[in-house]
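Spelled out, the chains give:
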Amino acid sequence: MKFWRLPLDAKDHSIPQGELVIIKDRCKGCNFCIEFCPNQVLKESSEFNKKGYHPPQVTKQGECVNCNLCEIICPEFAIYSELKTYKELTSEDILNYSKKFGA
Amino acid sequence: MKIRHRTLVPFDPQSTTRLREEQHGLHPDDVYLKPGRIPHIWCPGCGLGVVLNTYINGLKMAGLPVDRTAVVSGIGCTGRVAGYLNMDTYHTTHGRAIPFATGLALVRPDLTVTVFSGDGDLFAIGGNHFIHAARRNINLKILCVNNFNYGMTGGQAAPTTPVAARTTTTPYGNFEHSFNLPFLAYASGAVYVARWTTFHARHLVTAIAESLTRKGFTFIEVIAPCPIGYGRPNKLGSGLDEMKFYRENSLVQNDADPREADIGLKGKIIVGKFIDQSRPTFDQVYEENILKKFTRSA
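Residues numbered from 1 in each chain as written. Chains lettered and ligands numbered in written order. Predicted model: local features only at pLDDT ≥ 70, side-chain atom pairs only at ≥ 80, totals over all residues. Heavy atoms only, no water.

**Re the sheet that holds strand β8 (residues 218-223) of chain B**
Residues and elements named next belong to chain B. Filter applied, for reference: Strand pairing is defined by DSSP finding a minimum of two bridges between the two strands. Starting at the N terminus, helices and strands are each numbered in turn, a helix being any DSSP run of H or I of at least four residues and a strand any DSSP run of E of at least two. All axes here are fitted lines through C-alpha atoms, helices being fitted over the stretch that makes contact, and every angle between N-to-C directions spans 0 to 180 degrees. In what follows, a contact means two residues having at least one pair of non-hydrogen atoms within 4.5 Å.
Strand order across the open sheet formed by eight strands is β2-β1-β3-β4-β8-β7-β10-β9, with mixed pairing between neighbours. Both outer strands of the open sheet, β2 (88-91) and β9 (250-252), are each paired with one neighbouring strand and no more. The mean inter-strand angle of the sheet, taken between neighbouring strand axes irrespective of direction, is 20°. Of the pairings in the sheet, the one linking strand β3 (residues 112-118) to strand β4 (residues 140-146) comprises six bridges and is parallel in character. Bridge pairing in β4 links G118 to V145. Set on the sheet, helix α7 (residues 181-188) makes contact with β4, β7 (192-197), β8 and β10 (269-276); between it and β8 the angle comes to about 175°.

Rendered as structure tokens:
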């Protein structure tokens, strides 16, 4: 999908901003959240938790759109996201989305 | 020679419970889990935790209160769900989850009874109970986690193991045909039949919420990775690799014919909501045909 300008109803829409909370000692390092995050927000960290696994690490905190997929797909109940704010749509976001999902 | 005795410390029951409950409550879904039971025993990369998580989210989506639901599970890795959920749960003997749940659903029609069990428990030893509960259309919600083998006992061949798959008991490849579970459920008379993999977590939440609101016998098959029991002898890689395999090889076909939903070892997996129909349940038929004859007309 490609947008060539800011949509006319951009004021009616907004981007939710989520904050990820990771319970590090519960993680068993299955990497489901890292692989399936639609925005690639997470990365495997180099630190060890209590069990000896590498818990995920948030690389781009502003990119999380609070879609809750990591919360649903985590087998260990070790990650969840909380809604923080809503961000207004700007032409920069539209350009980024066009680049990401465009042809 | 001097023997030094250790000083005896009296057992403090408070300290152990405090240690166990220390981690409880960090996650918002922990209210659905028994205190001190997480971390669970399932292997890293196992899909059972995903199914448990999606079941909790399905309950939230359907808006069912915890005291109106009951979970019955059988034996196996999946059977441990009954120990983790903080609601009315029962861990039955091998294969007899459906008979227990049948009794529960008939005595308490106000409860939503979910049978949460594995493929070996529901279809090998409990296969007869399954087809007869489906035939009678008892108000049960079946959630079958299919990982293609008996995981807890060490990866033996199950009735769902695909042809040519290697397991502990079939080292030269399995030569027996496997069950096509959605077709079996449909042929037996289930009113709601769906199949999803653990990769389709969001579809699965919707399907569980939908099935909890249906009246009658519903069946959801969840295909879950088993990296230790099934993945290792078949060289499928880790749990993450199996999830990637589901992403690349599953075809979402709602309203597909369940007789074409066979699963091969490395073939395409047809997922989707296959059947959604309505049929008179056991309670309704019993009330109409039997109870009405014995109630005196005033």
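**Examining the side chain of S117 of chain B**
Residue and element names in this part refer to chain B. Selection criterion: Only protein chains enter the area calculation, which uses a 1.4 Å probe; residues under 20% of their type maximum are buried, those over 50% are exposed, and those in between are partly exposed. Any pair of N or O atoms that falls within 3.5 Å is considered a polar contact. Within protein, one atom must be able to donate a hydrogen and the other to accept it, and sequence-neighbouring residues count only if both atoms are side-chain atoms.
You can see S117 is positioned in strand β3. With a relative accessible area of 0%, S117 lands in the buried category. At 3.4 Å, the side chain of S117 and the backbone nitrogen of G74 are in polar contact. Side chain to side chain, S117 and D121 meet in a polar contact 2.7 Å long.

**A word on the environment of D67 of chain B**
With respect to the helices and strands, the residue D67 of chain B is situated in the loop between α2 (48-62) and β1 (69-73). Placed 19 residues apart in sequence, D67 of chain B and N86 of chain B show a C-alpha to C-alpha distance of 10.0 Å.

**Focus on the packing of helix α6 (residues 127-136) of chain B against α7 of chain B**
Residues and elements named next belong to chain B. Applied cut-off: Each angle gets one of four labels, with under 35 degrees taken as roughly parallel, over 145 as roughly antiparallel, 65 to 115 as roughly perpendicular, and the rest as oblique. The residue classification treats Ala, Val, Leu, Ile, Met, Phe, Trp, Tyr, Cys and Pro as nonpolar and Asp, Glu, Lys and Arg as charged. All others, Gly included, are polar.
Between α6 and α7, the shortest axis-to-axis distance is 8 Å and the interhelical angle comes to 45°. With respect to their mutual orientation, α6 and α7 come out oblique. In this structure, α6 contributes F130, I131, A134 and R135 to the contact, and α7 contributes L184, A185 and S188. Across the contact of α6 with α7, the residue classes tally to five nonpolar, one polar and one charged.

**Section: the pairing of β3 of chain B**
β3 of chain B sits mainly inside the fold: seven of its seven residues count as buried. The side-chain alternation of β3 of chain B yields two buried faces, one formed by T112, T114, F116 and G118 of chain B and the other by V113, V115 and S117 of chain B.

**A few points about the nonpolar core**
It is characteristic of soluble globular proteins that their nonpolar side chains tend to be buried jointly. Applied cut-off: The criterion is simple. A nonpolar core is a set of buried Ala, Val, Leu, Ile, Met, Phe, Trp, Tyr and Cys residues joined through side-chain atoms within 4.5 Å.
Ranked by internal contacts, the top residues of the largest apolar core, which has 53 residues, are F32 of chain A together with L52, Y55, L85, F116, L143 and I220 of chain B. Top element by residues in this core is α2 of chain B. It accounts for seven residues. Discounting residues that sit within four places of it in the chain, L143 of chain B has contacts with V51, Y55, V115, F116, S117, I208, I220 and V222 of chain B. By size, the runner-up hydrophobic cluster in this structure holds 30 residues, among which are A70, V72, A185 and A190 of chain B.

**Overview of the packing of aromatic side chains**
Threshold: Between the rings of Phe, Tyr and Trp (Trp by its six-membered ring), a pair exists once the centres lie within 6.5 Å; its type follows the angle of the planes, with under 30 degrees stacked, over 60 edge-to-face, and the other angles tilted.
Enumeration over the complete set of coordinates arrives at 13 aromatic pairs over all chains. Members of the aromatic cluster, connected to one another through ring pairs, are F123, F130, F179, F217 and F219 of chain B.

**Focus on the interface of chain A and chain B**
Test applied: Here the quantity called buried area is the total loss of accessible area, with a 1.4 Å probe, experienced by two parts when brought into contact, counted for both. What makes a salt bridge here is a side-chain nitrogen of Lys or Arg within 4 Å of a carboxyl oxygen of Asp or Glu, nothing more.
Counting residues at the interface gives 24 residues for chain A, matched by 34 residues for chain B. Together chain A and chain B conceal approximately 2,400 Å² of surface at their shared face, both sides included; 63% is due to carbon and sulfur atoms. The largest share of the area that chain A buries against chain B comes from R26, I72 and F77 of chain A, three residues that together contribute 31% of it. The interface formed by chain A and chain B includes three salt bridges. Put simply, E35 of chain A and R247 of chain B hold a salt bridge, and the shortest N to O gap is 2.8 Å. The tally of links between chain A and chain B comes to twelve residue pairs in polar contact (both at pLDDT 80 or more). Looking at the side of chain A that touches chain B, the elements that each hand over two or more residues are α1 (32-36), α2 (69-73) and β4 (79-88) of chain A.

**Comments concerning a nonpolar patch on the surface**
The following threshold applies: Exposure above 30% relative accessible area and no salt bridge define the residues that can form patches, which grow by joining like charges within 9 Å and nonpolar side chains of Val, Leu, Ile, Met, Phe, Trp and Tyr within 5 Å. Only the protein chains shown count as cover for residues, and the accessible areas themselves come from Shrake-Rupley with a 1.4 Å probe.
A grouping of Y286, I290, L291 and F294 of chain B is seen on the molecular surface, where their side chains present a nonpolar patch of about 420 Å² in accessible area. Locating L291 of chain B in the fold gives a position in helix α11 (residues 282-294).

**Focus: the pattern of salt bridges**
Taken as a whole and assessed by the stated rule, the structure comprises 14 salt bridges over all chains. Between K87 of chain A and D93 of chain A there is a salt bridge; the shortest N-O distance is 3.7 Å. Across the salt bridge formed by R108 of chain B and D110 of chain B, the nearest N and O atoms sit 3.1 Å from each other. Through salt bridges that share partners, E210, R214, K273 and D276 of chain B make up one connected network.

**Focus on unusual backbone geometry**
A cis amide bond links I38 of chain B with the next residue in sequence, P39 of chain B, at an omega value of 10°. As for its position among the elements, P39 of chain B is in the loop between α1 (13-21) and α2. Positive phi, normally seen in glycine, also occurs at N66 of chain A, with a value near 60°. Secondary-structure assignment places N66 of chain A in the loop between β3 (56-58) and α2.

**A few points about the environment of V58 of chain A**
All names here are of chain A. Looking at the element boundaries, V58 is found in strand β3. For V58, a relative accessible area of 26% translates into the label partly exposed. Put simply, V58 and K43 are 15 residues apart on the chain and 6.3 Å apart in space, counted from C-alpha to C-alpha. Sequence-distant contacts of V58, that is, excluding residues within four places in its chain, are made with L20, I22, V41 and L42.

These figures come from the coordinates and say nothing about function on their own.
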